[in-house]
Amino acid sequence: MKYALYLLSVMLLLAAGCKKDRDNNTVAMNVKTFWPNSGNAGTIVTLQGQGLNKEVLVSFNGTEARVLDARDSVLIVQAPDKGSTGPLSVKSGDRKMELGTYTYQALSLHGISPANGPAGTNISIRGAGFSSMEAPAKVTINGKEALITGASDTLLVAAVPEGAGTGKVVVMVDGKEVSGPDFTFQFISSIKPLKGGSGTAVTINGEGFNTLATGNNVTFNGKAARVISATAGKLVVTAPEGVATGPVAVSINGQKTIGQVFTVLPKPVIRTVTPLSAPAGATVDIAGDYFSTFTDEVTVSFNGHTAVVTAAADKSISVKVPAGAGAGKMQLVVNGQQTEGPLFKEQSLGILQLIPDNGLAGTEVIVKGLGFSANAAENIVSFNGVVVPVTTATDSTLRVVVPIGVSTGALKVKVGALDATGPVFRRAGVITIVGGPSQTVFTEPKGVAVDSRGNIFVLDLNVIKKVTTTGTVSIFAGKTDGSTGNADGNGTAAAFNYPVACVMDAQDNLYVCDQNNKSIRKITPAGAVTTIARVSFTPIGLGIDKNGTVYIGAQYSGVYRLDGAGNASALAPSVYQSAPGTMVVDNSGALFFGGDWDNPFVSKIADGVKTLYAGNQFGYNDGSLTGAQFSGITGLARNAVTGEIYVADNNAIRLIANDQVTRITGWKGGSNPIAGNDDGTLNQATYNNINGICTDKEGNIYVVERFGKAVRKIILQ
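Here the structure is a predicted model, which is why all the values come from computation and not from measurement. Residue indices follow the written sequence of each chain, beginning from 1 at its first position. Local features in a predicted model are, by the rule used here, given only for residues with pLDDT of at least 70; side-chain atom pairs are given and counted only at 80 or more, and totals for whole chains, interfaces and linings are based on all residues. Hydrogens are left out, water is left out, and the side-chain values use all remaining heavy atoms of the structure.

### Remarks on the overall build of the protein chain
Then, in step 1: The number of helices and strands found in the protein chain is one helix and 70 strands.
Then, in step 2: C-alpha atoms define the radius of gyration in this analysis, and the globule rule sets the expected value at 2.2 Å times the number of residues to the power 0.38. Its C-alpha radius of gyration of 40 Å places the protein chain more than 25% over the 27 Å reference for a compact globule of 717 residues.
Then, in step 3: Throughout this description, buried means an accessible area under 20% of the type-specific maximum (1.4 Å probe, protein chains only), exposed means over 50%, and partly exposed covers the range between. Within the protein chain, buried positions represent 48% of all 717 residues.
Then, in step 4: When checking whether two residues touch, look at their non-hydrogen atoms; a contact exists if any pair is within 4.5 Å. Long-range contacts, defined here as pairs at least 24 residues apart, represent 48% of the contacts in the protein chain between residues at least 6 apart.
Then, in step 5: Accessible surface computed for the protein chain: about 32300 Å², of which carbon and sulfur atoms make up 51%.
Then, in step 6: Positive and negative charge centroids in the protein chain, built from 57 and 53 side chains respectively, lie 3 Å apart. The secondary structure listing takes helices from DSSP runs of H or I that are at least 4 residues long and strands from runs of E that are at least 2 residues long, numbered from the N terminus. Surface accessibility follows the Shrake-Rupley procedure with a 1.4 Å probe radius. Residue values consider only the protein chains on display as shielding. By the counting scheme adopted, Arg and Lys are positive, Glu and Asp are negative, and His together with the chain ends is not counted. To locate a charge, take NZ of a lysine, CZ of an arginine, CG of an aspartate or CD of a glutamate.

### Some details on the packing of aromatic side chains
Then, in step 1: Under the pairing criterion, centres of Phe, Tyr and Trp rings, with the six-membered ring standing for Trp, must be within 6.5 Å; the plane angle then separates stacked pairs below 30 degrees from edge-to-face pairs above 60, leaving the rest tilted. Tallying each qualifying case throughout the model produces twelve aromatic pairs.
Then, in step 2: By the ring-pair criterion, three or more aromatic residues cluster together here, those being Trp597, Phe618, Tyr620 and Trp667.
Then, in step 3: By definition here, charges over rings are those cases where NZ of Lys or CZ of Arg is within 6 Å of the ring centre and within 35 degrees of the ring normal. The aromatic ring of phenylalanine 294 is capped on one face by lysine 192, whose charged end is 4.0 Å from the ring centroid.

### Regarding the pattern of salt bridges
Then, in step 1: Between Lys or Arg on one side and Asp or Glu on the other, a salt bridge is scored when a side-chain nitrogen of the former is within 4 Å of a carboxyl oxygen of the latter. Enumeration according to the criterion identifies 19 salt bridges in this entry.
Then, in step 2: Salt-bridge contacts for arginine 712 lead to aspartate 679; the nearest nitrogen and oxygen are separated by 2.9 Å. In this pair, arginine 712 is assigned in strand E70 (residues 710-716) and aspartate 679 in the loop between strand E67 (660-666) and strand E68 (690-695), connecting sequence segments 33 residues apart.
Then, in step 3: Accessibility expressed as a relative area gives 34% for aspartate 679, which makes it partly exposed.
Then, in step 4: Through salt bridges with shared partners, a single ionic network connects Asp622, Asp649, Arg654 and Arg663.

### Considering the sheet that holds strand E62 (residues 609-614)
Then, in step 1: Judged by pairing direction, the sheet is antiparallel, and its four strands sit side by side in the order E59-E60-E61-E62 without closing on themselves. Both edges of this open sheet fall to strand E59 (584-585) and E62, since each of them pairs with a single strand only.
Then, in step 2: Criterion used throughout: strands pair if DSSP finds at least two bridges between them. Sheet topology note: the E59/strand E60 (residues 591-594) ladder contains two bridges and is antiparallel. Bridge pairing links valine 585 to leucine 591 in E60.

### What about the domain arrangement of the protein chain?
Then, in step 1: Those domain boundaries reflect an automatic or database domain assignment. Each assigned domain of the protein chain is listed with its residue range as follows: domain 1 (30-104), domain 2 (108-185), domain 3 (187-264), domain 4 (269-346), domain 5 (367-423) and domain 6 (475-579).
Then, in step 2: If you average the C-alpha positions of domain 2 and of domain 6, the two centres end up 75 Å apart.

### Quick look at the UniProt feature "domain: IPT/TIG" (unreviewed entry) in the protein chain
Then, in step 1: UniProt positions are given in the numbering used here, feature names are shortened, and annotations may be inferred rather than shown by experiment. Those places that UniProt annotates as "domain: IPT/TIG" (unreviewed entry) correspond, in this numbering, to residues 24-105, 106-188 and 189-265.
Then, in step 2: Here residues 106-188 is 0% helix and 61% strand, with 38 Å between the C-alpha atoms at its ends.
Then, in step 3: As annotated, residues 189-265 comprises 0% helix and 60% strand, and the C-alpha atoms at either end are separated by 23 Å.

### Remarks on unusual backbone geometry
Then, in step 1: The amide bond that connects tryptophan 35 to the next residue, proline 36, takes the cis arrangement and shows omega of -10 degrees.
Then, in step 2: As for its placement among the helices and strands, proline 36 is situated in the loop between strand E1 (30-35) and strand E2 (38-39).
Then, in step 3: Look at the link from lysine 192 to proline 193: it is a cis peptide, with omega at -5 degrees.
Then, in step 4: The backbone phi angle of lysine 709 is positive, close to 50 degrees, even though this residue is not glycine.
Then, in step 5: Tracing the sequence through the fold places lysine 709 in the loop between strand E69 (701-705) and E70.

### Some words on the state of the cysteines
Then, in step 1: We call a pair of cysteine sulfur atoms a disulfide when they lie within 2.5 Å. Under the criterion given, the structure shown has zero disulfides.
Then, in step 2: Here cysteine 513 is not disulfide-linked; the sulfur of cysteine 502 is the nearest cysteine sulfur, at 9.9 Å.
Then, in step 3: Residue class for cysteine 513 comes out buried when judged on its relative accessible area of 0%.
Then, in step 4: Cysteine cysteine 694 is unpaired, with the sulfur of cysteine 502 as its nearest cysteine sulfur at 7.3 Å.
Then, in step 5: Accessibility expressed as a relative area gives 9% for cysteine 694, which makes it buried.

Next up, the structure:
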């Protein structure tokens, strides 16, 4: 008997233990929300939470309701016939919860669609009792009133208001109200970074995102991206392969939210690093393109050691040399796009700056840096491999003179066992080939061209003068007395009437815009002059493409193309703008010309359409194509090798390259116009009313000046 009682006790203990295990594994009942909170008997009511099984009892003011479905997180019941307005409660085992008041009334809300979306989304609200003879129904989302765009007794259509946020949908009719389910408000507050390329990790901040990565469809200009992680307020995604500039959009359950534009940029380009050697803690400046203005979007490493970025802009970055960098390659990463930089040495010797950084033989250059020897003889300085003596020295400054035969290349300094590479010194500068303000070689030079042999041709009132490579000046074509006329012939037998622009073809034929004769003249290398076209308009400009096709700039009527028979046809229709001086044509056939005083910008004609290419208003500022300003364009020239365009503008030469306009010489390196006749470095040079511009086959620039009465050569090696 005792043995039987013992067995029974053991079995009871085991059963109790099993029950306890089952209870521990059961999720405790909890209800987070229910809806609707009003309706007639038979209304379907949804409870949401956890631990909601069919054993849960639901009561409407004490009257038990019928459970229609139970799915742990959702419990669906039906308002009982004998229920009444009062608390809606739930009970599971010993746990009981009162959820709020359920009101028995005709007004009820049965569902909404869609249940998520951005501001402006039209949601359909299904229910009953929405009609009223007194006043229209009112809808709020998370407490913010929504605009009702459609209504019936059982259906309301409402537009989600701006900044609604996530919250309940509430319908109010005749002083009564009913709450429905939560509407999930979608909103993109920020995207970072806003620039990059394929593979860039992008963080999208906002609200209403799906917490499952797969529940968010993110696109960049329509191209699907991979979602790396997701929370309700933040998505981290990767810009897709082949991404193009355009808006970033997030779609959830088919509801799209559009964010800011993501701009695709090439990987960063490093143009210069200064200095290329320095001790730990020293500042290093990096110049280039496609950087970021945010320091947290830029990573710079020296030989694998990450540096602290102290400043960042679109074209410049400043960093501190990290300790232990040693000698090795630099690396720059901007928004996930990586570029390898030059070799950098962590050492006490470094070159910071060259003043000037360009010049010709005989130019004195100040080398700024650190770790130099105060004993001039202990510093070995070389220009692109050519060693020069140091005239004076301190530990931070060296003075040297550019040697004869210098070529463009890096300047280097060696002190003891250490050597440092500095910035590139450019063999560049301005020299006067012939003429001058006090000389009588020219009277009023107006245009210039250079043939393949280096001979220079200058339009000077009514004659064309030739300047040989030895500097000899003679009349190449036109009357020797400078008189006007209109005659073809050889050399001085020909006559012109105020030629204003000239260009050279690949066979060294010179084409001249003879303004007052309204004709285009061709001069062979032997000096034979012929008229190839007569036009009805006033010609004031000239251009030529790689195929030898001639283009004529007209006064007040744009640009004309000349065919082989001498017929001129408009390059673009309805262009009521003058095209003076020399024009240029790129390899694709697009033509560029400068405007007059009333149109201080560079225009482009491509495929028969004229557009504004560079400049926006009168002024002196450099900058982007749209931000730069011009103040007196007299002609354009093009470097046939690089494709760069040079603009003669108010006693300066402006370079158009990489979508930027930059003044490369003139105004003594300042920011306001200065006239003069100074030769020297690019920054030292001044000009006196540039009246013509061209380039030679090596990319050097030639200009003629009305008041300077000279031919000047701008050397750009």
